[in-house]
Amino acid sequence: MSNASLKEQLEAVASQLSNKLAKEQKLKKRFQHGERTNKKPKPKWLDYVQYGVELLKVYFPSGFKSPNEVKPLKKGIKQDLVRRLSTIDSIVTEDKACMVKSLAYYVNTTVYHKSVIEGAIRVDLDGNPAGVVSAEEAKYSLERHQAKLQAKQKNTMSASSHPLKSE
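This section reports on the structure supplied with the text. All chains use their own residue numbering, which begins from 1 and follows the written sequence. Since the coordinates come from a predicted model, pLDDT governs what is reported: local features require at least 70, and pairs of side-chain atoms require 80 or more to be given and counted, while whole-chain, interface and lining totals use all residues. Side-chain calculation: all heavy atoms of the structure are included, whereas hydrogens and water are not.

1. Focus: the overall build of the protein chain
Alright, step 1. Secondary structure counts use DSSP, requiring at least four H or I residues in a row for a helix and at least two E residues in a row for a strand, with both numbered from the N terminus. Tallying secondary structure elements over the protein chain gives six helices and two strands in all.
Alright, step 2. Going from N to C terminus, the protein chain has its helices and strands arranged as α-α-α-α-α-β-β-α.
Alright, step 3. Only the protein chains shown count as cover for residues, and all accessible areas are computed by the Shrake-Rupley method using a 1.4 Å probe. When the accessible area of the protein chain is evaluated, it comes to approximately 11,800 Å², of which 55% is carbon and sulfur surface.

Here you go:
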């Protein structure tokens, strides 16, 4: 991958983020003017971690894939990521920190949990085989995924049963 294409990819990601921010500002203005929408604006932290995941996909395309190609990552991948990023001078420190923080988000997505099944091959940053998912790991991932779904349902139900108080 040439530096020019990498620069173009990063500019495209930045453009997408600025478009999302513009949409969020429009929603805020509409809400302030009394218009109701069913959509809540996306939290800033979510934009941050999604940007970090996109950076991971750009710099480590064999390890971080699109949602339909996600594979379980090797145990200790965070340490490998920190070590590797420390050797790349062309990435600014803020982006390195963003990638490391976004790793936690990536491995807690529904798509990632669905990829962690018994016998699945784990991959390293370069997409090379780096172990196999054990039955215990697959069970743990399934439990985490189910707990996350239950918490989400609980939050949705409690929010819908407590309407906003009028001011």
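2. Points about the nonpolar core
Alright, step 1. Nine residue types can take part in a nonpolar core, namely buried Ala, Val, Leu, Ile, Met, Phe, Trp, Tyr and Cys, and a core is a set of them joined through side-chain atoms within 4.5 Å. Between buried and exposed lies partly exposed: a residue is buried under 20% and exposed over 50% of the maximum accessible area for its type, with that area taken using a 1.4 Å probe on protein chains only. Grouped together as the largest cluster of nonpolar side chains are 25 residues, with contacts concentrated most on Phe60, Phe64, Leu73, Leu81, Leu85 and Tyr106.
Alright, step 2. Those elements that provide at least two residues to this core are helix H2 (44-59), helix H3 (77-85) and helix H4 (93-106).
Alright, step 3. In terms of residue count, the dominant contributor to this core is H4 (five residues).
Alright, step 4. Apart from the residues within four sequence positions on either side, leucine 81 is in contact with Leu56, Phe60, Met99, Val100, Leu103 and Leu125. Here, residues are in contact when the closest pair of their heavy atoms is within 4.5 Å.

3. Let's talk about the environment of threonine 110
Alright, step 1. Looking at the element boundaries, threonine 110 is found in helix H5 (residues 110-115).
Alright, step 2. Along the primary structure threonine 110 and leucine 149 are separated by 39 residues, whereas in three dimensions their C-alpha atoms are 9.0 Å apart.

4. Let's talk about the packing of H2 against H4
Alright, step 1. Inter-axis angles, ranging from 0 to 180 degrees, are taken between N-to-C directions of lines fitted to C-alpha atoms, where helices are fitted over the stretch in contact. Following both chains from N to C, one finds H2 and H4 inclined at 100°, their axes separated by 7 Å at the closest point. Regarding the angle of H2 to H4, the classification is roughly perpendicular. On H4, the residues that touch Trp45, Leu46, Tyr48, Val49, Gln50, Tyr51, Gly52, Val53, Leu55, Leu56 and Tyr59 of H2 are Glu94, Asp95, Ala97, Cys98, Met99, Lys101, Ser102, Leu103, Tyr105 and Tyr106.
Alright, step 2. In this classification, the charged set is Asp, Glu, Lys and Arg, the nonpolar set is Ala, Val, Leu, Ile, Met, Phe, Trp, Tyr, Cys and Pro, and all remaining amino acids, among them Gly, are polar. Taken together, the residues that form the contact of H2 with H4 break down as 15 nonpolar, three polar and three charged. Should an angle lie under 35 degrees it is considered roughly parallel, over 145 roughly antiparallel, and from 65 to 115 roughly perpendicular; all remaining angles are considered oblique.

5. Brief notes about the pairing of strand S2 (residues 129-132)
Alright, step 1. Two strands pair when backbone bridges link them, and strand S1 (residues 121-123) and S2 are joined in this way by two bridges, in the antiparallel orientation. For isoleucine 121, the partnering residue across the bridge sits in S2 and is valine 132.
Alright, step 2. Note: two strands are recorded as paired if DSSP finds a minimum of 2 bridges between them. Linking S1 to S2, which pair antiparallel, is a turn of five residues; within it glycine 127 sits at a positive phi near 85°.

6. Details of the packing of aromatic side chains
The description of an aromatic ring pair rests on the distance of the ring centres and on the angle between the ring planes.
Alright, step 1. Ring geometry is summarised as follows: Phe, Tyr and Trp rings, the Trp one being its six-membered ring, pair when their centres sit within 6.5 Å, and such pairs are stacked at plane angles under 30 degrees, edge-to-face over 60 and tilted between the two. Enumeration over the complete set of coordinates arrives at three aromatic pairs.
Alright, step 2. With a centroid separation of 6.4 Å and 70° between ring planes, the pair formed by tryptophan 45 and tyrosine 105 is classed as edge-to-face. Of this pair, tryptophan 45 sits in helix H2 while tyrosine 105 sits in helix H4, placing them 60 residues apart in sequence.
Alright, step 3. With relative accessibility at 51%, the residue tryptophan 45 sits in the exposed group.
Alright, step 4. Considering the side-chain rings of tyrosine 106 and tyrosine 112, the 5.8 Å spacing of their centres and the 55° angle between planes classify their relative orientation as tilted.
Alright, step 5. On the accessibility criterion, tyrosine 112 (7% relative accessible area) is buried.
Alright, step 6. Here the aromatic cluster, defined as three or more aromatic residues joined through ring pairs, consists of Phe64, Tyr106 and Tyr112.

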